[in-house]
Number of protein chains: 2
Amino acid sequence: MDEKLNYISRLFQRTSSKRIEHYVISRIWHLLDNYDIKMTPQQYVSRQQIKYALTDVYFPQIGFHIEVNEPAHYESDERIQHDLKRKNEIEANTGHTVFSIDCRQDLDGIHFQIADLVSKINNSVQEQIEKGIFKPWRPENEHNPDYWKTKGKISLSDEVSFHTIEDICLLFDADHSKTKRGFLRKGGIQNPKNPQLFIWWPSERPRSGWLNTFDEVKGTITETHSDEKKKVDHYNWHAQETHIRIVFFHYKDILGRTNYKFVGVFTNDKENSNAEIGTIWTRIGETLNVETSEYQREEEKTNANIV
Amino acid sequence: MDEKLNYISRLFQRTSSKRIEHYVISRIWHLLDNYDIKMTPQQYVSRQQIKYALTDVYFPQIGFHIEVNEPAHYESDERIQHDLKRKNEIEANTGHTVFSIDCRQDLDGIHFQIADLVSKINNSVQEQIEKGIFKPWRPENEHNPDYWKTKGKISLSDEVSFHTIEDICLLFDADHSKTKRGFLRKGGIQNPKNPQLFIWWPSERPRSGWLNTFDEVKGTITETHSDEKKKVDHYNWHAQETHIRIVFFHYKDILGRTNYKFVGVFTNDKENSNAEIGTIWTRIGETLNVETSEYQREEEKTNANIV
């Protein structure tokens, strides 16, 4: 089946228990009518941690989030204030824009809001096309390590997402056989291109006692361990110096496939990490040159120096 | 909540287990973008009798049926022939038109077929508007007996569908209290406007042993009883002479509400009924004048005489 049809029809199906949200999302997609635009659900978040879900749907190419607010969202001042605070927090921390569709309105009112939103999305895409920076949605490339190896550079906005650890290794010419330790799977591997930038594939699912949580709003990953001694040891070891990791975060996509998505280059935050909560990793790079290991913020014009 | 939003979002939700069908149906609706056009699922058919379902979605105002054929439909010649036979049977018997969307194609191919279909729907509606015969979708009228009482005439294409037996009685000035027999509910009532046209509200759910099946393609209702003696007695009694019934068929709509929908004026088919299968009722009228009890075929120019 066509990959995009497969993906979008699953995205619709996923929201089908919330029928108004679902109606709104399907309308946005069909009215946009542009298969170069990618629409994604919240991906990194495990079901248990749904409280971390940013928004209902996200347009990664243009950084637009859509919240479909069913009438319950407006039932109390407290809820309204909470939603507003959340919106401001996301916008301030990520540089993204959050749009809300107010579903208290009638069909005409909802359709009007969607028409307005669709026009804003189209304008934003058009602007990128004019600047020559628009990256059309190409699912066949997103998952292909050979494609990115040839390209030599990966960015958050590329939506690079591999189906296997082997594919991560392939990108960096790392020896995949070294990712296994008997029956266990290591959580990362040294980067043969640059030993200072460790390659890491954390997951929100506990693995051998390791517990990781990814806060997409703050751009931080907290790494800890269920065993008290291991947690403290790990913290102490990392607290000594500066570590840098290239991170591929594990999640199941809407097609039920395992994915390891490039979420940036991270360093340990010595100020906020402690023996109690574990090691906090903060994003310092959104774009990575695979060969030279240079990384930078996506919006920055100049390269950051390698530490 | 807006009645149409409620209805359409439920219609989408209902098809959500078949995600390609669902994708296609939501696209048709959003691209049509015309709230005067009604889209319905198959309604009269109980879950056990899903084999009777005509098509995936139906546009009652213009008599268009849409079949969304997932790739499995084309897997064998037998299946293809079966689908074709079914399409011909529906078109020949109902005067409707059946369109298929072939989902073996890629996204572009599916979108092209939908664009073509949407344009055909728009043309057909436009034609009706120009002829002055288009009936815009008005859910608030469909269920309102006072509206139809004032109007004085009901047709299949009006999608008249009452939520209660009381509402049926109201339309004909029948005494609602006479529809109850102790704890039991009668299956119909004499029409005070014209005793020759009995008012009947059959259901596909067995009631007090009565079993009814509605064949939408042939436009026939088979009435029988689980008790052998009652079945034969009933047949014998009806076989003697000509009976005419104004029929409101019972079903649960997609909002879970009870409905009794006007499906036409029927007479007992003496040729095909027999003691074995019971009484077969055949549609003879699609439009009914509530006051005079004149009925006629919707496409006919002249009134049929009352028997």
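Residues numbered from 1 in each chain as written. Chains lettered and ligands numbered in written order. Predicted model: local features only at pLDDT ≥ 70, side-chain atom pairs only at ≥ 80, totals over all residues. Heavy atoms only, no water.

Asker: Got a minute to help me understand the domain arrangement of chain A in this structure?
Answerer: Accessible area lost upon the coming together of the parts serves often as the stated size of an interface. Residues and elements named next belong to chain A. Along its sequence, chain A is organised into domain 1 (3-131) and domain 2 (139-296). Where domain 1 abuts domain 2, roughly 2,000 Å² becomes buried across the two surfaces, and 60% of that area is made up of carbon and sulfur atoms. In this assembly, domain 1 and domain 2 are joined by three salt bridges. Here Glu3 makes a salt bridge to Arg257, at a shortest N to O gap of 3.5 Å. Here domain 1 is connected to domain 2 by two residue pairs in polar contact (both at pLDDT 80 or more). (Domains from an automatic or database assignment. Buried area = accessible area lost by both parts, 1.4 Å probe. Salt bridge = Lys/Arg side-chain N within 4 Å of Asp/Glu carboxyl O. Polar contact = N/O pair within 3.5 Å; in protein donor to acceptor, adjacent residues only side chain to side chain.)

Asker: Could you clarify how one ought to interpret the side chain of B:Asp102 in this entry?
Answerer: Residue and element names in this part refer to chain B. Considering the arrangement of structural elements, one finds Asp102 in strand 3 (residues 97-102). A polar atom in the side chain of Asp102 sits 2.7 Å from the side chain of Arg104. In this view, Asp102 contacts Asn69, Tyr74, Ile110 and Gln113; residues no more than four positions away in its chain are not counted. (Helix = DSSP H or I, 4+ residues; strand = E, 2+ residues; numbered from the N terminus. Contact = heavy atoms within 4.5 Å.)

Asker: Mind showing me how you'd approach the interface of chain A and chain B here?
Answerer: Contact residues are listed per partner, giving 28 residues for chain A and 28 residues for chain B. Both sides together, the interface formed by chain A and chain B hides about 2,700 Å², and carbon and sulfur atoms give 60% of it. A per-residue breakdown of the area chain A buries against chain B is headed by A:Arg19, A:His30 and A:Leu107, which together make up 26% of the total. Taken together, the connections running from chain A to chain B amount to two salt bridges. Across the salt bridge formed by B:Arg27 and A:Asp33, the nearest N and O atoms sit 2.4 Å from each other.

Asker: What should I look at first to understand the nonpolar core in this one?
Answerer: Counting 66 residues, the largest nonpolar core has A:Ile28, A:Phe59, A:Ile121, B:Ile28, B:Phe59 and B:Ile121 as the members making the most contacts within it. Those residues in contact with A:Ile28 that lie beyond four places of it in its chain are A:Phe59, A:Ile66, A:Ile114, A:Leu117, A:Val118 and A:Ile121. (Core = buried A, V, L, I, M, F, W, Y, C linked by side-chain atoms within 4.5 Å. Buried < 20%, exposed > 50% of the residue type's maximum accessible area, 1.4 Å probe, protein only.)

Asker: Would you mind going over the sheet that holds strand 3 (residues 97-102) of chain A with me for this structure?
Answerer: Note: strands within a sheet are paired through backbone hydrogen bonds, in either parallel or antiparallel orientation. Residues and elements named next belong to chain A. Ordered in space as 1-2-3, the three strands form an open sheet in which the pairing is mixed. Strands with a single pairing partner mark the edges of an open sheet, and in this sheet they are strand 1 (57-59) and strand 3. The average angle at which neighbouring strand axes cross in this sheet is 25°, direction not considered. When strand 1 meets strand 2 (residues 64-69), the two strands line up antiparallel, connected through three bridges. If you follow Phe59 over to strand 2, its bridge partner there is Phe64. (Pairing = 2+ DSSP bridges. Axes fitted to C-alpha atoms, helices over the stretch in contact; angles between N-to-C directions.)

Asker: How should the relation of the copies chain A and chain B be read in this particular structure?
Answerer: Put simply, the two copies of the chain differ by a rotation about an axis and a shift along that axis. Rotating chain A by 180° and moving it 0.0 Å along the rotation axis overlays it on chain B with an RMSD of 0.0 Å. Expressed as an axis order, the relation between the two copies is that of a two-fold axis. When the interface residues of chain A are mapped onto chain B, 100% of them are again interface residues, pointing to one common binding face. (Least-squares fit on C-alpha atoms with pLDDT ≥ 70 in both.)

Asker: I would appreciate a short explanation of the packing of aromatic side chains in the present structure.
Answerer: Working definition: an aromatic ring pair is given by the centre-to-centre distance plus the angle between the planes. Per the stated rule, a full pass over the model turns up 20 aromatic pairs over all chains. Arranged with centres 6.2 Å apart and planes meeting at 80°, the rings of A:Phe172 and A:Phe248 form a pair that is edge-to-face. Here A:Phe172 is found in helix 7 (residues 165-172), whereas its partner A:Phe248 is found in strand 12 (residues 244-252), with 76 residues between them in sequence. Assigned by exposure class, A:Phe172 and A:Phe248 land together as buried. Ring centres 5.7 Å apart and planes at 50° place the aromatic pair B:Phe248 and B:Phe262 in the tilted group. Here the residue B:Phe248 occupies a position in strand 12 (residues 244-252), and B:Phe262 occupies one in strand 13 (residues 258-268), the gap between them amounting to 14 residues. (Phe/Tyr/Trp six-rings, centres within 6.5 Å; stacked < 30°, edge-to-face > 60°.)

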